[in-house]
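What the coordinates show
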Amino acid sequence: MVVLRAGLCPGLTEEMIQVLRANSVRTVVDFVSSDLEDVSQKCSLSYKALVAVRRVLLAQFSAFPANGADLYEELKSSTAILPTGSPSLDQLLDSGLYTGEVTELMGAPGSGKTQVCLSIAASVSLGLKQHVLFLDSTGGFTASRLYQMLQAQAEDEEEQAVGDTALSQLEALQRIQVARVFDVYEMLSALQEVRDRLSQQAVSCTGPLKTVVIDSVSAVIHPLLGGRQSEGLAIMMQLARELKMLAKEFSLAVVVTNQVTRDSSTGLLKPALGRSWSFVPSTRVLLESKGAAWEEATTRRSASLAKSPRQPTGMQVELDIGNSDVQEPSPATPTEGL
Amino acid sequence: MRSPLPPPPPRFRAPLRAGPSAARWRWGGGGMQRAVGSLPLGPALRARLAAAGFQTAQELLDTGPCGLSREIGISKEEALEALQVVRQECSGDAARTAGGAGTTRKCTALELLEEEQAQGFIITFCSALDNILGGGVQLTKITEVCGAPGVGKTQLCMQLAVDVQIPECFGGVCGEAVFIDTEGSFMVDRVVDIAAACVQHCRLIAEAHQEEDHQKALETFSLESILSHIYYFRCRDYIELLAQVYLLPDFLSEHSKVRLVVIDGIAFPFRHDFEDLSLRTRLLNGLAQQLIIIANDHKSAVVLTNQMTTRIGQSQSTLVPALGESWGHAATVRLIFHWDKSQRLATLYKSPSQKESTIPYTITPHGFRDVQPPAVTQNTESTEMNPRKRPRREEEK
């Protein structure tokens, strides 16, 4: 729905636009879908000129169909699968996070969403040496816990000498950019900024950005939903569009976390943000605590697949978030606290 | 008589990814490419702009206020206001893209790690609780304390309001406290007792160590100064509470030494007399976001107390924190206080950096303490002061 403006294409002059506007042809869609004979008679403009303008507008604004085989080739070359830092979670996600898609983690408070996000950031930054953007909207990002995870993951690798590992951990920390956004408009402008940087291909400070982690998306949208106004839904869909565009256009893996609310009628837990949001992520993972209530303190969590384009839903794996990183629960779990 | 169809448009090598090509040819360029839907304008204005065909912020700025008011039928003043908002947003974006380092809230994880390690904690005088919290109540985070009536939530809040003022040489953060009371449970006499015990404690440490800065700090750390640095607000219903939190950033910019904001009883005004539950959820979520902004911008800890309610399940009923599931996501750290026969226990239920664990505590006439009282005054530095500060004092010796 682009407004007709002078200079939009050669041959579209200001007087032409004024005359067209007087006959209620304001946007490109109006122009292209109108009967040009009628328009040329009413506005007394040359028919040939109108046809030429329409041709140029169509060339500029229409979408081109793509060959399926070409699309497949392009996907093969541009999609990457990023490890999450936890082999069992990778197994659940069909070997990891796919770029070009939005993956969602949902769970009750204390179920480990932030821990898994930190683990993903640590593994991508340390293992793949790529940049990560972490948008924190709950204040739950704790750099010291991230550092713990990096140390544990570096120990697992056992590649380098001690001095090197310390340096590589610090470098890994530098590759993780953290932005604290507590408002949906701030989040939108942060995403816009990412888009601008990537499209200008400024390699200066972002470097090869492959992952965007947003913890959590429901914290900024929840205050706007509900009531009789639909403005909250509009903003939510705008955010969804931004995320999907970022993922698709720049081949990023976008990870978001969501809350769960209690269904008033059945009393069961369901993901927050409603049905409209459920179409946005391609993969949804539900994190649950193994203990029944808060009286039993445990670090074991279970992750189940609620929606996936590749795996059967209902697959479940166990995670242990209590150790220095997220991994499978081992029988002799060392109880290191701080 | 229809004219023949125009020949198909010339194909040029377009990228295979079929995105919204309307936006494609305008790619590149600063925050001017913000979609109109993502700008903080009113919904009616946004609807009109969409109907008129405006897509990006650049188009709005190009049109100018007169053109805008003509095209969408609003007054010139409204158009001018809207354009100012748009300009502010876009210049903010452009500054962020060009500036590199970005706004105050964006940094690398390494910088955050350094910040966190330099940050202090607010100790609770109960070393077991400090241990499971990782040193004490953390600044820049929201901590929620839930518990049944009488278990000690308000006692902890009063203790923290005193502890935040402990001078840095004794292991505190040397800040002031804001106490927002909704239940009316703030007893000044009790705070006097707690503060007196705290001052006495610090005096004993200073005597044991005989250091210059300890004596100097003790001169300013007295009962009167403690009480005068606790700012007390009484809110009687939820509207007053929301208004108070809304006005809090201005208050905090005037009193920049505040390091603790306590809201004692966030559940009380929202639980009674509230018919519309969805409105309650929305208000609570908005409140949570405002509190996290306050905690972050002013580097202070926010402590909330919550009540418990019974959830009736299929076979049994469990005691859970009140205000619903979605409120559970608001707090970063959640502590649940409960009874086990006659022993008070504290469970760390939710924390981004610490494990879940349970410890016992007790309430003495001096305030919130460990179950084993400290043995002798010489040992107080090892049991009750922040262990992080110990190496520094040993070096100074």
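Residues numbered from 1 in each chain as written. Chains lettered and ligands numbered in written order. Predicted model: local features only at pLDDT ≥ 70, side-chain atom pairs only at ≥ 80, totals over all residues. Heavy atoms only, no water.

A separate point is the overall build of chain B. Broken down by element type, chain B carries 15 helices and 14 strands. Counting over 397 residues, chain B shows a buried share of 54%. Intrachain contacts of chain B at a sequence separation of at least 6 include 65% that bridge at least 24 residues. Accessible surface, chain B: about 18,200 Å² in total, of which carbon and sulfur atoms supply 54%. (Helix = DSSP H or I, 4+ residues; strand = E, 2+ residues; numbered from the N terminus. Buried < 20%, exposed > 50% of the residue type's maximum accessible area, 1.4 Å probe, protein only. Contact = heavy atoms within 4.5 Å. Areas by Shrake-Rupley, 256 points an atom, 1.4 Å probe, with all protein chains shown as cover.)

Turning our attention to the overall build of chain A. Assigned secondary structure in chain A consists of 13 helices and twelve strands. By sequence separation, contacts in chain A at least 24 residues apart represent 65% of the contacts at least 6 residues apart. Surface summary for chain A: the accessible area is close to 14,100 Å², and the carbon and sulfur share equals 53%.

All names here are of chain B. Running from N to C, helix H8 (residues 188–209) and helix H9 (residues 212–220) point in directions that differ by 155°, and their axes come no closer than 9 Å. In terms of axis orientation, H8 runs roughly antiparallel to H9. For the element pair H8 and H9, the recorded crossing hand is left-handed. Of the residues in H9, those in contact with Cys202, Arg203, Ile205, Ala206 and His209 of H8 are His214, Gln215 and Leu218. Looking at side-chain class alone, the contact of H8 with H9 contains four nonpolar, three polar and one charged residues. (Axes fitted to C-alpha atoms, helices over the stretch in contact; angles between N-to-C directions. Parallel < 35°, antiparallel > 145°, perpendicular 65-115°, else oblique. Left-handed = near helix turned anticlockwise from the far one by under 90°. Nonpolar A, V, L, I, M, F, W, Y, C, P; charged D, E, K, R; others polar.)

Quick look at the packing of aromatic side chains now. A full pass over the atoms with the stated rule returns ten aromatic pairs over all chains. Look at B:Phe337 and B:Phe368: their rings are 6.1 Å apart centre to centre, the planes differ by 25°, and that puts the pair in the stacked class. Remark: B:Phe368 occurs in strand S14 (residues 367–369) and B:Phe337 occurs in strand S11 (residues 333–340); sequence separation between them is 31 residues. B:Phe368 carries the same exposure label as B:Phe337, and that label is buried. Grouping aromatic residues by their ring pairs yields a cluster made of B:Phe179, B:Phe186 and B:Tyr232. Taking NZ or CZ as reference, A:Arg310 lies 3.5 Å from the ring centre of A:Tyr98, over its face. (Phe/Tyr/Trp six-rings, centres within 6.5 Å; stacked < 30°, edge-to-face > 60°. Lys NZ or Arg CZ within 6 Å of the ring centre and 35° of its normal.)

The next subject is the sheet that holds strand S1 (residues 106–108) of chain B. Across the sheet, nine strands lie side by side as S12(A)-S11(A)-S10(A)-S3(A)-S7(A)-S6(A)-S4(A)-S5(A)-S1(B); this open sheet has mixed pairing. Two strands bound the open sheet, and with one partner strand each, they are strand S12 (316–320) of chain A together with S1 of chain B. Neighbour-to-neighbour, the strand axes of the sheet open up by a mean angle of 20°, direction not taken into account. Sheet topology note: the strand S5 (residues 176–180) of chain A/S1(B) ladder contains three bridges and is antiparallel. Looking at S1(B), one finds that A:Gln177 is bridged to B:Thr108. (Pairing = 2+ DSSP bridges.)

This structure, assessed with the given rule, holds six cavities of 30 Å³ or more. By volume, the largest cavity is sized at about 100 Å³. Lining the largest cavity are 14 residues, with A:Ala219, B:Ala288, B:Gln289, B:His329 and B:Ala330 positioned closest to its centre. By residue number, the principal contributor to the lining of the largest cavity is helix H13 (residues 277–297) of chain B, which donates four residues. Residue classes in the lining of the largest cavity are distributed as five nonpolar, nine polar and no charged. (1 Å grid on protein atoms, 1.4 Å probe; cavity = no way out; pocket = protein on both sides within 12 Å on 5 of 7 lines; lining within 4 Å. Points joined across faces, edges and corners; volume = space filled by probe spheres on them.)

Our focus in this paragraph is unusual backbone geometry. Most peptide bonds take the trans configuration, and most residues that are not glycine carry a negative phi. With an omega dihedral of -10°, the bond running from A:Asp215 to A:Ser216 counts as a cis peptide bond. Looking at the secondary structure, you find A:Ser216 in the loop between strand S6 (209–215) and helix H11 (217–221). At B:Cys174, a residue that is not glycine, the phi angle is positive and equals roughly 55°. As for its placement among the helices and strands, B:Cys174 is situated in the loop between helix H7 (153–163) and strand S5 (176–181). Its identity is not glycine, yet B:Leu323 carries a phi of approximately 75°, on the positive side. Its place among the elements puts B:Leu323 in the loop between strand S10 (317–321) and S11.

Turning our attention to the sheet that holds S5(B). Residue and element names in this part refer to chain B. The nine strands are arranged S6-S5-S7-S8-S4-S11-S12-S13-S14 in an open sheet whose pairing can be described as mixed. Of all the strands in the sheet, the pair left with one neighbour each is strand S6 (230–234) and S14. Averaged over all pairs of adjacent strands, the angle between strand axes in this sheet comes to 25°, irrespective of strand direction. Across five bridges, the pairing between strand S12 (residues 343–350) and strand S13 (residues 357–364) is antiparallel. Its bridge partner being in S13, Leu345 is matched across the sheet by Pro360. Packing of H7 onto the sheet brings it into contact with strand S4 (142–147), S5, S6, strand S7 (258–264), strand S8 (301–306), S11, S13 and S14, and relative to S8 it is tilted by some 165°.

Residue and element names in this part refer to chain A. Position of Glu288 relative to the elements: it lies in strand S10 (residues 283–289). For Glu288, a relative accessible area of 35% puts it in the partly exposed group. Spatially, the C-alpha atom of Glu288 lies 8.8 Å from that of Met106, the residues being 182 residues apart in sequence. In this view, Glu288 contacts Arg300, Arg301, Ser302, Ser304 and Gln316; residues no more than four positions away in its chain are not counted.

On to the confidence of the model for chain A, then. Taken over all residues, the pLDDT of chain A has a mean of 80, while the share at 70 or more is 86%. Counting contacts from residues 330–338 of chain A, a segment whose pLDDT is below 50, to residues more than four positions away or on other chains yields 13 contacts. (pLDDT = per-residue confidence, 0-100.)

Turning to the nonpolar core, a few remarks are in order. Residues B:Ile122, B:Leu129, B:Phe170, B:Leu260 and B:Phe337 are the most contacted members of the largest nonpolar core, which totals 51 residues. Ranked by residue count, the leading element in this core is H8(B), at eight residues. The residues contacting B:Leu260, other than those within four sequence positions of it, are B:Ile122, B:Leu160, B:Ala161, B:Val164, B:Glu176, B:Ala177, B:Val178, B:Ser300, B:Ala301 and B:Val303. Among the nonpolar cores identified, the runner-up in size contains 41 residues, and A:Ala121, A:Val132, A:Val213 and B:Leu110 belong to it. (Core = buried A, V, L, I, M, F, W, Y, C linked by side-chain atoms within 4.5 Å.)

Let us look at the pattern of salt bridges. Inspection of the entire model under this criterion finds eleven salt bridges over all chains. We note a salt bridge from A:Glu101 to A:Arg310, for which the minimum N-O separation is 2.9 Å. Taken together, the positions of A:Glu101 in the loop between strand S2 (97–98) and strand S3 (102–107) and A:Arg310 in the loop between strand S11 (300–307) and S12 put the pair 209 residues apart, joining distant regions of the chain. The class of A:Glu101 is buried, set by a relative accessible area of 15%. Close ionic contact of A:Arg301 with B:Glu356 constitutes a salt bridge, the shortest N to O distance being 3.3 Å. Of this pair, A:Arg301 sits in strand S11 while B:Glu356 sits in the loop between S12 and S13, on two different chains. (Salt bridge = Lys/Arg side-chain N within 4 Å of Asp/Glu carboxyl O.)

So, on to the state of the cysteines. Residues and elements named next belong to chain B. Tallying each qualifying case throughout the model produces zero disulfides over all chains. The thiol of Cys174 is not disulfide-bonded; the next cysteine sulfur, from Cys169, is found 8.4 Å away. Judged by relative accessible area, Cys174 falls into the partly exposed class, the value being 32%. In this structure Cys202 is a free cysteine whose sulfur lies 4.5 Å from that of Cys198, the closest cysteine sulfur available. (Disulfide = S-S within 2.5 Å.)

With that settled, the discussion passes to the packing of helix H11 (residues 238–254) of chain B against H13(B). Residues and elements named next belong to chain B. Interaxial distance between H11 and H13 falls to 10 Å at its minimum, and their mutual angle equals 20°. One way to sum up the angle between H11 and H13 is to call them roughly parallel. Relative to H13, the crossing made by H11 is left-handed. Taking contact as the criterion, the partners of Tyr238, Leu242, Val245, Tyr246, Leu248, Pro249 and Leu252 in H11 are, on H13, Leu283, Leu287, Gln290, Leu291 and Ile294. A per-class count over the contact of H11 with H13 returns eleven nonpolar, one polar and no charged.

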